[in-house]
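# Residue-level structural notes
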Amino acid sequence: MILKDDTLILIFGVALLVILIVLYITGRQKKKSGEKVDTQSYIPVREIRDGIIITEDERYISYLEILPINRETKESEEKRSMDLKYKRLIDIAPEHWQIKCTTRTAQIDFYIDSFKKALKDEPSLETQDMIDEHIKFAKGEGTQNSIEKHYYFIYEYTTKEDRIGKLTVEEIVEKIKRNNEKLANAFNSVGNKVLMKSDTPDYDTAEFLYEYFNRRHPEHQTMDNRLDRLERDYGLAYSSEGLSDLPLLDMRDVLAPRSIDNSNPEYLIVNGIYQAHFYVQANGYPAVMEPTGWLYQLINFGLGFDTDIFYDRKDRMDTLKSLRAKGKWLNAKAADISSSALNKDKGDAAEIALDQMKSALTNGENPYDMAVVMTVYANTRKVLYDKIDALKDAAVMLGIGISSCSQFQEEAYISTMPFAKLTKKMRALTKHNITSNCIVAAYPFSSMTLNDTDGIIYGTSTATDSLIIYNNFDTKKYQNANITILGQTGSGKTFALLTLTERMRMLGTQVFIFSPEKQDEFRPMAEALGGEFI
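A few points on the structure. (Residues numbered from 1 in each chain as written. Predicted model: local features only at pLDDT ≥ 70, side-chain atom pairs only at ≥ 80, totals over all residues. Heavy atoms only, no water.)

### So, the overall build of the protein chain
Along the backbone of the protein chain there are 18 helices and 15 strands. Expressed as a percentage of the 534 residues in the protein chain, the buried residues total 42%. Put simply, of all contacts in the protein chain between residues at least 6 apart along the chain, 76% involve residues at least 24 apart. Put simply, the protein chain shows about 29,900 Å² of open surface, and 53% of that area lies on carbon and sulfur atoms. (Helix = DSSP H or I, 4+ residues; strand = E, 2+ residues; numbered from the N terminus. Buried < 20%, exposed > 50% of the residue type's maximum accessible area, 1.4 Å probe, protein only. Contact = heavy atoms within 4.5 Å. Areas by Shrake-Rupley, 256 points an atom, 1.4 Å probe, with all protein chains shown as cover.)

Structure representation (structure tokens):
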């Protein structure tokens, strides 16, 4: 049989198409198997200049690390003052900003070092033994029960004149630095201190990003280790080509995680650590927002849970027009839907929400889109699922609707990077209309975690499962040093006082105890610590 040229071309074309499809499927299977993923391609950083991140798509990103306060220790009047000042901060904030709340195991080396120093200076052998035992106790507890929380205010710098290219890169960087000073002053007025960068802001920013992309694990490598290895690799590569001058290191090589396994639709494995993402549904937010409410509970959920909150300011007049159109649509729809009680309640609630939003905007509040994304971390798959179950149970208790980012974990991973930008899909799924007063009510920079650098261990917080390291004599943080110990008879009040006294004495604090009724209980400790019993 003889085939015509056109037939041969057709057969050849079909065969080529089949080969291409097979190659594509094979490539996808290799990617799904976690065999090799170009981790550098996930990093959008082009350069860091004076601590400012410049991305590949010409966006300018800056961040401030905000030290939290314990809002619940404040008086009502002080809270109201904080709210007013935080509202002013929101009014001067950029258009697009992200609040990143991270948790990790606390480093209590500072605490142990203070007791090691006390051990060297302690003349009493019996007290030395006590200090040595306490150091062992602190090391054990610190590994398991100490949590550090870090809060970052991250924003994209944009102005109309910058967008059309009137400013140079140097001018934009200087404007951002001045803007950071203004924001830092605003946070200070609220009561939150801003952790200032050192004399090497580029290094500080790179280390912040490196630690984010390379979470600690058994084989953790510091950024300095990574830089040393890259310089060796670059040197070998260029010397083999007969070149002596090394180029600047590619920021993607410096920051990228060692491995990303995206083979499972329910989670990613980044540097050997399992992580899954969830988001608050656009219609899953509670009707009322208040400090220490649902958002506070999510942020302070515990070790292995990070929360990202995104805010995008909208134009007030455009939003009002949209709301009026939405109101007409609701009224038109109400005539068609069933008159059942359920539908009526839903319609009434929607109309009330629209009326409240319109009233707020008419009275001068600014409209925002809000989005909340949560990341769950664990060292094993089983622990990850246990934490996910705990998060789901908590969401039900808090009355919020959350959904898994299953099938699009990579998009969630990219969205939660510290670059103040959600992907289009994540934005569509999560955005929720709020006003500036709602942002004030969702104030996030509060924590019950106490980790004073020069304090003593008081115990473990029932709220955070974290060690409480507290220095009640720090007058810069606390109004007075008074402590009250309450409890039923036999619950351990005296033992708690003995423990605190012992630890204060270990650090060289002079302690006086007036207790005529319980002198026999305090005498042995006084003698053991080299004190005097009168």
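### A closer look at unusual backbone geometry
A positive phi is found at glutamate 58, a non-glycine position, where the angle reads about 65°. Considering the arrangement of structural elements, one finds glutamate 58 in the loop between β2 (52-55) and β3 (60-66). Of note in this structure, alanine 420 is not a glycine but carries a positive phi near 55°. You can see alanine 420 is positioned in the loop between α14 (409-415) and α15 (424-430). We classify alanine 420 as buried; its relative accessible area is 7%.

### Description of the pairing of strand β10 (residues 305-313)
Within a regular strand, side chains alternate between the sheet's two faces. Most of β10 is tucked away: 8 of the 9 residues are buried. Sheet analysis places strand β4 (residues 96-105) next to β10, joined by 6 bridges and oriented antiparallel. Along β10, the bridge assignment pairs histidine 96 with aspartate 312. The pairing of β10 with strand β11 (residues 367-378) spans 9 bridges and is classified as antiparallel. Bridged to isoleucine 309 within β11 is valine 372. (Pairing = 2+ DSSP bridges.)

### A closer look at empty space enclosed by the protein
To find the voids left in a structure, one rolls a probe of water-molecule size over its atoms. Scanning the entire structure with this criterion turns up 4 cavities of 30 Å³ or more. The space that makes up the largest cavity amounts to roughly 80 Å³. Contributions of two or more residues to the lining of the largest cavity are made by α7 (201-213) and β9 (273-280). (1 Å grid on protein atoms, 1.4 Å probe; cavity = no way out; pocket = protein on both sides within 12 Å on 5 of 7 lines; lining within 4 Å. Points joined across faces, edges and corners; volume = space filled by probe spheres on them.)

### A few points about a nonpolar patch on the surface
Together, Ile483, Ile485, Leu497, Val511 and Ile513 line one region of the surface with nonpolar side chains, adding up to about 330 Å² of accessible area. A relative accessible area of 34% means that isoleucine 513 is categorised as partly exposed. (Patch = residues over 30% accessible without salt bridge, like charges linked within 9 Å, V, L, I, M, F, W, Y side chains within 5 Å. Salt bridge = Lys/Arg side-chain N within 4 Å of Asp/Glu carboxyl O.)

### Description of the packing of aromatic side chains
Aromatic ring pairs are reported here in terms of the distance separating the ring centres and the angle at which the planes meet. Overall, the coordinates contain 19 aromatic pairs when judged by the stated rule. An angle of 70° between the planes, with centres 5.5 Å apart, marks the rings of phenylalanine 153 and phenylalanine 187 as edge-to-face. Placement of the pair is phenylalanine 153 in strand β5 (residues 147-156) and phenylalanine 187 in helix α6 (residues 169-190), with a sequence separation of 34 residues. Judged by centre distance (5.2 Å) and plane angle (65°), the rings of tyrosine 458 and tyrosine 470 are edge-to-face. Residue tyrosine 458 is located in strand β14 (residues 456-460), and its partner tyrosine 470 is located in strand β15 (residues 467-470); the two are separated by 12 residues in the primary sequence. Through a chain of ring-to-ring contacts, three or more aromatic side chains come together here, namely Tyr86, Trp97, Tyr151, Phe153, Tyr155, Phe187, Tyr311, Tyr443 and Phe445. (Phe/Tyr/Trp six-rings, centres within 6.5 Å; stacked < 30°, edge-to-face > 60°.)

### Brief notes about the nonpolar core
Soluble, globular proteins show a tendency: their nonpolar side chains are buried together. Membership of the largest hydrophobic core comes to 60 residues, with the highest contact counts inside it found for Tyr86, Trp97, Trp294, Tyr311 and Met370. In terms of residues, this core owes the most to one element, α6, which gives 8 residues. If you look at the next biggest cluster of nonpolar residues, it comprises 33 residues, including Ile53, Phe208, Ala256 and Phe419. (Core = buried A, V, L, I, M, F, W, Y, C linked by side-chain atoms within 4.5 Å.)

### Description of the packing of helix α2 (residues 76-92) against α6
Contact pair α2 / α6: the axes reach a minimum separation of 8 Å and the direction vectors enclose 165°. Taken together, α2 and α6 sit at an angle that is classed as roughly antiparallel. The handedness of the crossing between α2 and α6 is left-handed. Note on element contacts: α6 touches α2 through Lys182, Leu183, Ala186, Phe187, Ser189 and Val190, opposite Met82, Lys85, Tyr86, Leu89 and Ile92. Residue composition of the contact of α2 with α6, by class: 8 nonpolar, 1 polar and 2 charged. (Axes fitted to C-alpha atoms, helices over the stretch in contact; angles between N-to-C directions. Parallel < 35°, antiparallel > 145°, perpendicular 65-115°, else oblique. Left-handed = near helix turned anticlockwise from the far one by under 90°. Nonpolar A, V, L, I, M, F, W, Y, C, P; charged D, E, K, R; others polar.)

### Overview of helix α18 (residues 519-528)
Buried within α18 are the following residues: Phe522, Met525, Ala526 and Ala528. Buried residues of α18, seen end-on, are gathered within an arc of 165° and therefore sit on one face of the element. Taken from the residues just after α18, glycine 530 is the one with a positive phi, measuring 75°. (Arc of directions from axis to C-beta.)

### Observations regarding the packing of helix α17 (residues 493-506) against α18
It is the contact of α17 with α18, at a shortest axis distance of 11 Å, that shows an interaxial angle of 20°. Considering their axes alone, α17 and α18 lie roughly parallel with respect to each other. Pair α17 / α18 crosses with right-handed handedness. For the pair formed by α17 and α18, the contact residues are Thr494, Leu497, Leu498, Thr501 and Glu502 on the first element and Glu521, Phe522 and Met525 on the second. Looking at the contact of α17 with α18 residue by residue, the classes come out as 4 nonpolar, 2 polar and 2 charged.

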